[in-house]
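What follows is the residue order along each chain.
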Amino acid sequence: MDRKALSAAFPVTVPVLMGYLAIGMAFGFMLQAVGYNFIWAFFMSLSIYAGSGQYLGVSLLSTGATLGTVALMTLIINFRHLVYGLSMLEKFRGMGIRKLYMIFSLTDETYALLSSAQAPVGVNPRNFYFAIALLDQSYWILGSVIGAVAGAVIPIDTTGIDFAMTALFVVIAVEQWETYRSHLPAVLGAVATLMSLLLVGAENMLLPALAIIVVALLLLRERLDDKGTQAPQTDGEEDAVC
């Protein structure tokens, strides 16, 4: 691991550290509550590493769901990563064997950082991106293990605790809104989600909403590229990033 890249990536990932410790612990609490200890939490976070997917996994484990149900629900929940991956093709180019890990580790939060963070001068960008992904997963693993251990020691009512994931998504959305000049993608996402909700209902809205968003972004790609992406930084913001 490039220590210079790791040192540069850590300050960028601190918001994810705070969020992942919280929602990772919530996942650990939930997993412990249905009878699976910290060892399960560790290996699920190491090998699956999908926040919403792991939250769903707790429910599937507790109900003894079939493999077919698990596969279908996982596809529906994580289908959005197909869109993420397509937008990362250029950034992951030339990363060699590390590209496989970058694909695996592309969570919502890591995607948000990779989309906006810039490697400091003198730091290899590919090493910087890899360090971000690696740090983010380490935070998630740590949080989930702490939660499972604490859940075994302290009796906790986990009702509603899964809302922590939704809260983190809201924080990321606000940060992205403030970072980029063009708010068109966010508006398109909101409109597509609302249309899908009204047309097919809450239980089946995800895939139609994603389909509408993908088509809309493809049709408006040139317009979005022409507008530019990141908002200009003030001198204070530049110092903070450095």
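In the block above lies the structure referred to throughout.
Presented here is a report on the structure given in the accompanying data block. All residue numbers refer to positions counted from 1 along the written sequence of the respective chain. The predicted nature of this model means local features are confined to residues of pLDDT at least 70 and side-chain atom pairs, given and counted, to a pLDDT of 80 or more, with totals for whole chains, interfaces and linings taken over all residues. Just so you know, side-chain values use all the structure's heavy atoms and leave hydrogens and water out.

1. Focus on a nonpolar patch on the surface
Then, number 1: Judged by side-chain polarity, F38, I39, W40, F42, F43, L46, V149, V153, I154 and I156 come together as a nonpolar surface patch covering roughly 920 Å² of accessible area.
Then, number 2: For the purposes of this entry, the term helix denotes a DSSP run of H or I that reaches at least four residues, the term strand denotes a run of E that reaches at least two, and both are numbered from the N terminus. Broken down by secondary-structure element, the contributors of at least two residues to the nonpolar patch are α2 (38-47) and α9 (125-153).
Then, number 3: When residues in the nonpolar patch are grouped by element, the largest group, six residues, is from α2.
Then, number 4: Within the secondary structure, I156 sits in the loop between α9 and α10 (163-179). Only residues whose relative accessible area exceeds 30% and that form no salt bridge enter a patch; like-charged residues are grouped when within 9 Å of one another, and nonpolar side chains (Val, Leu, Ile, Met, Phe, Trp, Tyr) when within 5 Å. Throughout, the Shrake-Rupley method with a 1.4 Å probe supplies accessible areas, and for residues the shown protein chains are the sole cover considered. Note on definitions: salt bridges are taken to be side-chain nitrogens of Lys or Arg within 4 Å of carboxyl oxygens of Asp or Glu.

2. Here's the deal with the packing of helix α3 (residues 51-63) against helix α4 (residues 67-78)
The description of two packed helices rests on the angle between their axes and on the distance between the axes.
Then, number 1: The N-to-C vectors of α3 and α4 enclose an angle of 155°; their axes lie 10 Å apart at closest approach. As far as their axial angle goes, α4 and α3 are roughly antiparallel. Crossing geometry of α3 relative to α4 is assigned as right-handed. When α3 is examined against α4, the residues S52, G53, L56 and L60 are found in contact with a partner set consisting of T69, V70, M73, T74, I77 and N78. Here an axis means a line fitted to C-alpha atoms, over the contact stretch when the element is a helix, while the angle between two N-to-C directions is reported on a 0 to 180 degree scale. Angle categories: roughly parallel below 35 degrees, roughly antiparallel above 145, roughly perpendicular from 65 to 115, and oblique for all the rest. Here is the rule for handedness: rotate from the far helix to the near one, and if that takes an anticlockwise turn smaller than a right angle the crossing is left-handed, while a clockwise turn gives right-handed. By definition, residues are in contact when any of their heavy atoms lie within 4.5 Å.

3. Observations concerning the environment of F79
Then, number 1: Secondary-structure assignment places F79 in the loop between α4 and α5 (80-87).
Then, number 2: Each residue is placed in one exposure class: buried if its accessible area under a 1.4 Å probe, protein chains only, is under 20% of its type's maximum, exposed if it is over 50%, and partly exposed if it falls in between. Taking relative accessible area as the criterion, F79 reaches 28% and is therefore assigned partly exposed.
Then, number 3: For the pair F79 and L210, spaced 131 residues apart in sequence, the C-alpha to C-alpha distance is 8.3 Å.
Then, number 4: The contact partners of F79, leaving out residues within four places of it in the chain, are L207 and L210.

4. Regarding helix α8 (residues 108-116)
Then, number 1: Within α8, seven of the nine residues are buried, leaving the element largely enclosed by the surrounding structure.
Then, number 2: Residues D108, E109, T110, A112, L113, L114 and S116 constitute the buried set of α8.

5. Quick look at α2
Then, number 1: Turning to α2, its buried residues number three or more, namely A41, M44 and S45. One side of α2 holds all its buried residues, which, seen down the axis, span an arc of 95°.
Then, number 2: Any pair of N or O atoms that falls within 3.5 Å is considered a polar contact. Within protein, one atom must be able to donate a hydrogen and the other to accept it, and sequence-neighbouring residues count only if both atoms are side-chain atoms. One side-chain oxygen at the N-terminal end of α2 lies 3.0 Å from the backbone nitrogen of I39; it belongs to N37.
Then, number 3: Just downstream of α2, Y49 is the residue with a positive phi angle, here 50°. The directions considered for the arc run from the helix axis to the C-beta atoms.

6. So, the packing of aromatic side chains
Then, number 1: Stacked, tilted and edge-to-face are the three classes applied to pairs of Phe, Tyr and Trp rings, where Trp contributes its six-membered ring and a pair requires centres within 6.5 Å; stacked means planes under 30 degrees apart, edge-to-face means over 60, and tilted covers the rest. Counted according to the given criterion, the structure contains nine aromatic pairs.
Then, number 2: An angle of 70° between the planes, with centres 5.4 Å apart, marks the rings of Y20 and W140 as edge-to-face. Of the two residues, Y20 is situated in helix α1 (residues 3-33) and W140 in helix α9; the sequence distance between them amounts to 120 residues. Taken individually, Y20 and W140 each receive the classification buried, so the pair is uniform in this respect.
Then, number 3: With a centroid separation of 5.7 Å and an interplanar angle of 70°, the aromatic rings of Y101 and F130 are classed as edge-to-face. Pair noted here: Y101 is in helix α7 (residues 98-104) and F130 is in helix α9, with a separation of 29 residues, a long-range link. As far as the burial class goes, Y101 and F130 line up, both buried.
Then, number 4: A network of ring pairs unites the aromatic residues Y20, F27, Y55 and W140 as a single cluster.
Then, number 5: Here the guanidinium or amino end of R98 rests over the ring plane of F130, the centre of that ring lying 5.4 Å away. Remark: a charge is flagged as sitting over a ring if the NZ atom of Lys or the CZ atom of Arg is within 6 Å of the ring centre and within 35 degrees of the ring normal.

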